[in-house]
Structures are given as C-alpha cells and as structure tokens.
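Listed below, chain by chain, are the residues.
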Amino acid sequence: MDKPPVLADIFHVSKPIIGMLHLRPLPGSPLYKPSEISMDNIIEIAVEEALQLEAAGVDGVQVENIWDYPYLKESQIGHETTAALAAATIRVRDAISLPVGVNCHLNAGMQALAVACATGARWIRVFEWVNAYVSHAGLTEGIAGTLSRYRAFLHAEDIKFFCDVNVKHGSHFIVSDRTLVEQAHDAETEGAEALIVTGFETGQPPTPDNVQALSEHVGIPVIIGSGMTTENAASLLQYADGAIVGSYFKRDHQWKMPVDEAIAREFMDRVKEFREGLS
C-alpha cells in the first residue's frame, strides 16, 4: 500500500539507515563523573562519532541518553537531563549535514520534543506511544494524547513521532491479549507517524515475519529498531521502510564501545547495493 512520505521528506533516500549516538552519562545520572569525562568531552565524543557515521554513509543520526541508567520515568526526569541532551544535539546537528533525531530515556517524549524543537531535530522516538508495558522503571504508559497536544502547543508539527510497538527491554504481558498488528493499529490510529519494531533486547532483530505483517497491515512506514546486521539487512529491508542501527556500528558490536567507521561503511555499502537492486 502507498504510505505517507514521512521518511522520504526527512531523508530523501529509499529505506534510510539511522545511526545511533549513545551519549555518555549526562549530568544528574548515577554514572556521570565530571572528573573523568566532562560535558565538553561528552559532546566532543558525540560530534566525532556523528562525523564518522556521516563519512560511512548513514542517512541520519539519533541522539539519546542511553548511559543515564537506571532510568527514570518521564515525570521524574530533571531539567539537567533535558538541557544536556539539547546541548549535545545542537552541536551534533551543527557538525554534520544529516538529519538528526532525539530519544530521551525512559519514554520521555515531552523532554525529547522540547529538545527537538530547540535544536532543529526532525523526529523523536517514543517507546510507548499507546497502551502500556512493564519497563525497568515500572509501569510505563502511553503518552500519545499528552505529547500530541504538546506538539500542537509548540507549533512543531514538522517534528515527527517514530513510535515503538512492543518495545524491547520490558514485559508486554498486560497487553498480550492483543496481537502485534492490533497494537500497531492502535499506535497508527492515535497518530504515530512511523512504527518501530524490535527484538526483545538491544542487538536482537525482529523476525522477518513480524516485519512483513506490520508492513502489510499498517498505512505508515515501518522501521527496524534493533538487530540489523550486514547479513540480515536485505531480508529485513525487503519488508521494512528503514532502520535504526546502534550496536552493530560499534566496535565488537557492543553498544558501550566506540563507533567503528569501517563496520558502518561496510554495512552501508551492502544497503546501497540493496537499494540499487530495487531501482
């Protein structure tokens, strides 16, 4: 089915690949130690890795505070996190020519949208747009209604909502009477502009069958959110409209390690071959 050109309008390429920028621990988080790595150092690393990903050929980058664990719920996140995330995002955006997105853990859509609005980011990732699941931080509920109204208040309709379905790192037993496709329809009906499908953990891919089912039964783009590799890229992109890649672009494919430009370049060469085969 024909889908809205949300991804094409942002990335101007078929089946875009978004590389992850995993910010080191930000001020206020338990692991933040300014004597070891200052805020200036955190930003320098993010900019350096953004430049590496751009050189490797990715189509966009997403900035997130993944090192701020154990995570707080949205209502508990302090202004220091929002400010630090904004400071890093604007420096990254100014350093590269790629579109930039924002994710704030955990399910902190209000903070992510505020950062995106202030920095010129083009999208935010929302882990739980509708329904609910049990995350590491406890019961995490959908924020579609609140976030949609906040975007209208900010006049920021150009910032798009990329929303997970059955997001990784949690239990979805409380909605287990609804299929993945039914939950995807919930998200689409409530205003999600792209859907993200993942495996159960970071680095684990969804099954091609799940990707195909979502792609065939929803009218908005479907993005792979975890586990894409050089080996499975073609099989997953056959059904998906794009992907977010984090761990695989890191040394030893571990998210805590630095970006490995050579790995990212090899991956993007494979994706470009796949795209050429579609034309």
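**Q** Outline the overall build of the chain, supporting the account with residue identities and numerical values.
**A** The helix and strand tally for the chain stands at 9 helices and 11 strands. Taken over the C-alpha trace, the chain has a radius of gyration of 17 Å; the compact-globule value for 279 residues is 19 Å, and the two agree within 12%. In terms of its C-alpha atoms, the chain occupies a principal-axis envelope of roughly 50 × 40 × 35 Å. Here the chain holds 279 residues, and 55% of them are scored as buried. Pairs at least 24 apart in sequence give 71% of the contacts found in the chain among residues at least 6 apart. When the accessible surface of the chain is summed, it comes to about 11800 Å², and 52% of that surface belongs to carbon and sulfur atoms. Where the 21 positive side-chain charges of the chain centre and where its 37 negative ones centre are 2 Å apart.

**Q** Account for the packing of helix H3 (residues 79–95) against helix H4 (residues 109–119), with residues named and values stated.
**A** Contact pair H3 / H4: the axes reach a minimum separation of 9 Å and the direction vectors enclose 40 degrees. Our pair here, H3 against H4, has a crossing hand that is right-handed. Contacts between H3 and H4 pair Thr82, Leu85, Ala86, Thr89, Ile90 and Arg93 from the former with Gln111, Val115 and Thr119 from the latter. Counted by class, the contact of H3 with H4 contains 4 nonpolar, 4 polar and 1 charged residues.

**Q** Pulling in residues and values, what's your account of the sheet that holds strand E8 (residues 170–171)?
**A** Across the sheet, 3 strands lie side by side as E6-E5-E8; this open sheet has antiparallel pairing. A single partner strand is all that each edge strand has here, and the edge strands are strand E6 (138–141) and E8. Across 4 bridges, strand E5 (residues 132–135) lies against E6 in antiparallel orientation. Residue pairing for E6: Val134 is matched across the bridge by Leu139.

**Q** An account of the packing of aromatic side chains is needed here, citing residue identities and associated values.
**A** Across all of its chains, the model carries 10 aromatic pairs by this definition. Relative to Trp123, the ring of Phe11 has its centre 5.2 Å away and its plane inclined at 55 degrees; by these criteria the two rings are tilted. Separated by 112 residues along the polypeptide, Phe11 in helix H1 (residues 6–11) and Trp123 in strand E4 (residues 123–126) bring together distant segments of the chain. Residues Phe11 and Trp123 agree in their burial class; the two are buried. Ring centres of Phe249 and Phe267 lie 5.1 Å apart, and the angle between their planes is 80 degrees; on these two criteria the pair is classed as edge-to-face. Here Phe249 is found in the loop between strand E11 (242–245) and helix H9 (261–278), whereas its partner Phe267 is found in helix H9, with 18 residues between them in sequence. The two residues Phe249 and Phe267 agree in class, both being buried. Following the ring pairs from residue to residue traces out a cluster consisting of Trp67, Tyr69, Tyr71 and Trp255.

Definitions and limits used
Residues numbered from 1 in each chain as written. Predicted model: local features only at pLDDT ≥ 70, side-chain atom pairs only at ≥ 80, totals over all residues. Heavy atoms only, no water. Helix = DSSP H or I, 4+ residues; strand = E, 2+ residues; numbered from the N terminus. Rg over C-alpha atoms; globule rule 2.2 N^0.38 Å. Buried < 20%, exposed > 50% of the residue type's maximum accessible area, 1.4 Å probe, protein only. Contact = heavy atoms within 4.5 Å. Areas by Shrake-Rupley, 256 points an atom, 1.4 Å probe, with all protein chains shown as cover. Lys, Arg positive; Asp, Glu negative; His and termini not counted. Charge placed at Lys NZ, Arg CZ, Asp CG, Glu CD. Axes fitted to C-alpha atoms, helices over the stretch in contact; angles between N-to-C directions. Left-handed = near helix turned anticlockwise from the far one by under 90°. Nonpolar A, V, L, I, M, F, W, Y, C, P; charged D, E, K, R; others polar. Pairing = 2+ DSSP bridges. Phe/Tyr/Trp six-rings, centres within 6.5 Å; stacked < 30°, edge-to-face > 60°.

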